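Fold and contact review
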Amino acid sequence: SNMELNQIYFWTATINKWIRLLEIESYKNIILDSLEFLSVNKYLKIYAFVIMPNHIHFIIENLKLNGKEMPDVSFLKYTAHQFKKQIKSNADYNLNLFYVNSKNKNYEFWQRDALAIELRTIDFIKQKLKYIHTNPIQDKWQLCNEPIEYKYSSAYFYETNQKNYSFLNDIYDQI
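Residues numbered from 1 in each chain as written. Predicted model: local features only at pLDDT ≥ 70, side-chain atom pairs only at ≥ 80, totals over all residues. Heavy atoms only, no water.

1. Let's talk about the nonpolar core
We apply this condition: The criterion is simple. A nonpolar core is a set of buried Ala, Val, Leu, Ile, Met, Phe, Trp, Tyr and Cys residues joined through side-chain atoms within 4.5 Å. For every residue, the accessible area (1.4 Å probe, protein chains only) is compared with the maximum for its type, and the residue is labelled buried under 20%, exposed over 50%, or partly exposed between those bounds. Secondary structure elements are defined from DSSP: runs of H or I of at least 4 residues count as helices, runs of E of at least 2 residues count as strands, and each element is numbered from the N terminus.
Counting residues in each nonpolar core, the largest one holds 54 residues, and the members touching the most others are Trp-11, Ile-31, Ile-56, Ile-59, Phe-75, Phe-83 and Trp-110. Sorting the residues of this core by element identifies strand E1 (8-14), helix H1 (25-40), strand E2 (44-51), strand E3 (55-62), helix H2 (71-90) and helix H3 (122-134) as the ones contributing at least two each. Among the elements that line this core, the one with the most residues is E2, at seven residues.

Set out below in structure tokens:
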């Protein structure tokens, strides 16, 4: 992890080889379950998110170590483990697509270059929030017509002030 505790970051992680694993709802739910766990146990504060077909963007704050590791690292490890379990039990994806010939593991679900950018100013935060929430409506994706319509993001929460995900925190309460 290239993040410090108690700092707010814009964070992006991408599925290995840009494979669209997250088009399938059950894989999106693995991500949501992990966020819920890390939030309830006060490891991670989640301010904004979007789950795209092959990548995720979060605005998050690591609150405390989970054992010896940062919560963002726990998130990547746990979700990868669950992805593998899900594929093995459901055969709803080709596991071989994720095969890597590596000493410590045979499959890699997340690319190694998760990107963290510290959010220091209100303008930067607003810019990244907008970027996250408009991701699904971009021409490349066309997942919906309006950000608020996309189920797997925090857009609805910020537009309506209604918590559709219990783990969400309003970033404007922080700044």
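Next comes the rest of the write-up.
2. Description of the sheet that holds E1
How we decide: Pairing between two strands is assigned when DSSP locates at least 2 bridges connecting them. Every axis in this analysis is a line fitted to C-alpha atoms, fitted for helices over the stretch in contact. Angles between the N-to-C directions lie between 0 and 180 degrees.
The strand order across the open sheet formed by four strands is E2-E3-E1-E4, and the pairing between neighbours is antiparallel. Each edge of the open sheet carries a strand with a single partner, namely E2 and strand E4 (115-118). Each neighbouring strand pair of the sheet contributes to a mean axis angle of 20 degrees, computed without reference to strand direction. Here seven bridges tie E1 to E3, and the two strands are oriented antiparallel to one another. Note on E3: the bridge partner recorded for Thr-14 is His-55.

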